[in-house]
Amino acid sequence: MKFSYYPGCTLKNHAKNFEDSTLFSLAHLGLEIEELPRWNCCGTVASLAADDLIHQLAPIRNLIRVKEAETTQVVTACSMCFNTLKRANERVRANPTELAQMNDFMYDEETPYEGDVDVYHVLDLVRDKVGFKDVAAKVVNPLGGLKVANYYGCTLVRPKQVAIDDTENPVVLENLVSALGGSPVEFPLKTECCASYRTVDSPNIVADKTYQIINSARSLGAEIIAVSCPLCAFNLDQRQEATLKYHPDFIGLPIVYFSQLMAIAFGCEEKTLQFGLHHFPPKPVLTGKGLI
Amino acid sequence: MSRTPQAKSRAGNKPQAVKPVAPKTRAAKAVLQDAPKARMVTVYIMGKRHVVPEHATIMRAIEYSGQQIIRGAGCREGFCGACGTIYRLPGDYKIHSGLACTTLVQEGMSLTQIPAVPMEKAIYDIEKLSPDVDTFKRLYPVVFRCVACNTCTKSCPQGIQVMDYIQAAKRGDVASIMDISFDCVACGLCALRCPAEIVQHKVGVLGRRLFGRYLAKESKELDTRIAEVQKGAFDKEYKSLMSMPKDKLSKTYYERDIEP
Ligand code: SF4
Ligand code: SF4
Ligand code: FES
């Protein structure tokens, strides 16, 4: 079964580590995906914050591109893009009038949108199309009990209509880490908000969040935190510098994408992991475990 | 065209090529008619009604109506982008756009030329930039306001997928900006209609400059040609062009080899 792959803007530059490791892992798992030949920004921020229809055009237009690529399923790794695309999809499926208005506005498109594309997150595919048993069977470099705290933040589990797992206590990442040979660390703040775009105007709010989230994971024994969103990654990793300014007793932790852990367990080369894009270097703990 | 005496006599010279009665009668009849008058259409230029020849371009129609175009015309051949025009047609809610020099008038067309679109352009030293998303973020942060409405594409007289090159700028895909925006004539109509107030063509120029400076493959052919020019290989030809009378120069120009 072929899936269209929607990369999103950030995975094409500042989160290249996320994209490279995802593509490597999906290929290793034998999942057939193909990047959409034409796509635009998922439309996030504006489309999540405002209730006017024009901001829903970006996500819906991407779903038209999926149809143009002659598939009906699109997968994305960035959980922010996922959330934006899926929310827009659920919204127009539930509101035919809105969908008609939007199609009418997009008279420049040859293909109308009819709510006929399904939006998936990479984790959906790994869990439901591959299955953790098969994932485990494909591991060539088990994570050696690496203690991973799995951070979902908001976009994978809220709102309920788009959640990929239980909204209160999701376990998909924990199960993935176990299948890869790591030891998931349960911690209470795994679905806490990272303060998201407040990072632009009030880094101090992000610093407080990062302080709480990383401290919680650390105090429960985590050696590393896995994430699924470039903005969470920015706030938890790049903002550790600011966190230290506001909280001098702060000790950081390395932040990686879940896809990077998959890629490591599947035996990727180090260049796929693009460690140059990280603020807190993940390399020491990974070499310490003999993983790279 | 064939309804002229010449046409008739030519037909007469080649009897085998002509089927008996019917064509001959048609040709004979045509000779009796008056020379056809130009058909006229009614257009509204900046709100004022004018009757102009049906086959006029918008630019010709404006001039036919007695106005002189000073700022809104340049090449008159669809290359310079000086003559951007917006128009509406009867019974159609859409705002259309076209280049006045290459778009024909239509019955009931209501039009306004927009010779210049005000905007601020970023000032930069191309040598000090990098061909990535951060450059666009710094010089034209406005691109991140794009909501993918595609109004810019709808308004482009060049038929460019304008939204797609703005989206490419949002992800630092300089090569795609180059490819997609290549035919932009900088008329600015897209910038005028964008609800996010983006200055698309300026972003396109930046993208193409970045491509040219940092990503374009070096061209050996170009280097060879420059060396030839410097050695004076074309001096003679250049001199003869410079001293050519205008009509001969014009003839030479239109008969030149044009790459397909
Ligand atoms: S991209 Fe914009 S400025 Fe360029 S030709 Fe099209 S409408 Fe004119
Ligand atoms: S008109 Fe403006 S907001 Fe709409 S797609 Fe074009 S650049 Fe984006
Ligand atoms: S006058 Fe140059 S494009 Fe129309």
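Residues numbered from 1 in each chain as written. Chains lettered and ligands numbered in written order. Predicted model: local features only at pLDDT ≥ 70, side-chain atom pairs only at ≥ 80, totals over all residues. Heavy atoms only, no water.

This part takes up the environment of S216 of chain A. Residues and elements named next belong to chain A. With respect to the helices and strands, S216 occurs in helix α10 (residues 203-219). Sequence separation between S216 and C194 is 22 residues, and the spatial gap between their C-alpha atoms is 13 Å. Each residue touching S216, except ones within four places of it in the same chain, is listed here: F187, P188 and L189. (Helix = DSSP H or I, 4+ residues; strand = E, 2+ residues; numbered from the N terminus. Contact = heavy atoms within 4.5 Å.)

Time to look at the sheet that holds strand β4 (residues 118-121) of chain A. Residues and elements named next belong to chain A. Pairing in this open sheet of 4 strands is parallel, and the strands run β2-β1-β3-β4 from one edge to the other. Single-partner strands in this sheet number two, and they are β2 (32-35) and β4. When strand polarity is set aside, the average angle formed by the axes of neighbouring strands in this sheet is 35°. Relative to β2, strand β1 (residues 2-5) runs parallel, the two sharing 4 bridges. Among the inter-strand pairings, K2 is bridged to a residue of β2, identified as E32. (Pairing = 2+ DSSP bridges. Axes fitted to C-alpha atoms, helices over the stretch in contact; angles between N-to-C directions.)

As a further point, take the confidence of the model for chain B. Residues and elements named next belong to chain B. Considering every residue of chain B, the mean pLDDT works out to 88; 86% of them sit at 70 or more. Mean pLDDT across the secondary structure elements of chain B bottoms out at helix α1 (residues 5-13), with 38, and peaks at helix α7 (residues 174-181), with 98. Every residue in residues 1-25 is under pLDDT 50, and counting partners more than four places away or in other chains gives 4 contacts. Quick note on the complex model: pTM equals 0.77, ipTM equals 0.74. (pLDDT = per-residue confidence, 0-100.)

The next point concerns helix α11 (residues 230-238) of chain A. For α11 of chain A, a buried count of 7 out of 9 residues is recorded, marking the element as mostly surrounded by other parts of the structure. Buried within α11 of chain A are the following residues: P230, L231, C232, A233, N235, L236 and D237 of chain A. (Buried < 20%, exposed > 50% of the residue type's maximum accessible area, 1.4 Å probe, protein only.)

Right, let's talk about the packing of aromatic side chains for a bit. All names here are of chain A. In this structure the tally under the stated criterion is 7 aromatic pairs over all chains. Measuring from ring centre to ring centre gives 4.0 Å for F18 and Y257, while their planes differ by 5°; the resulting arrangement is stacked. Of the two residues, F18 sits in helix α1 (residues 16-28) while Y257 sits in strand β8 (residues 255-257), which places them 239 residues apart along the sequence. Judged by its relative accessible area of 5%, Y257 is buried. (Phe/Tyr/Trp six-rings, centres within 6.5 Å; stacked < 30°, edge-to-face > 60°.)

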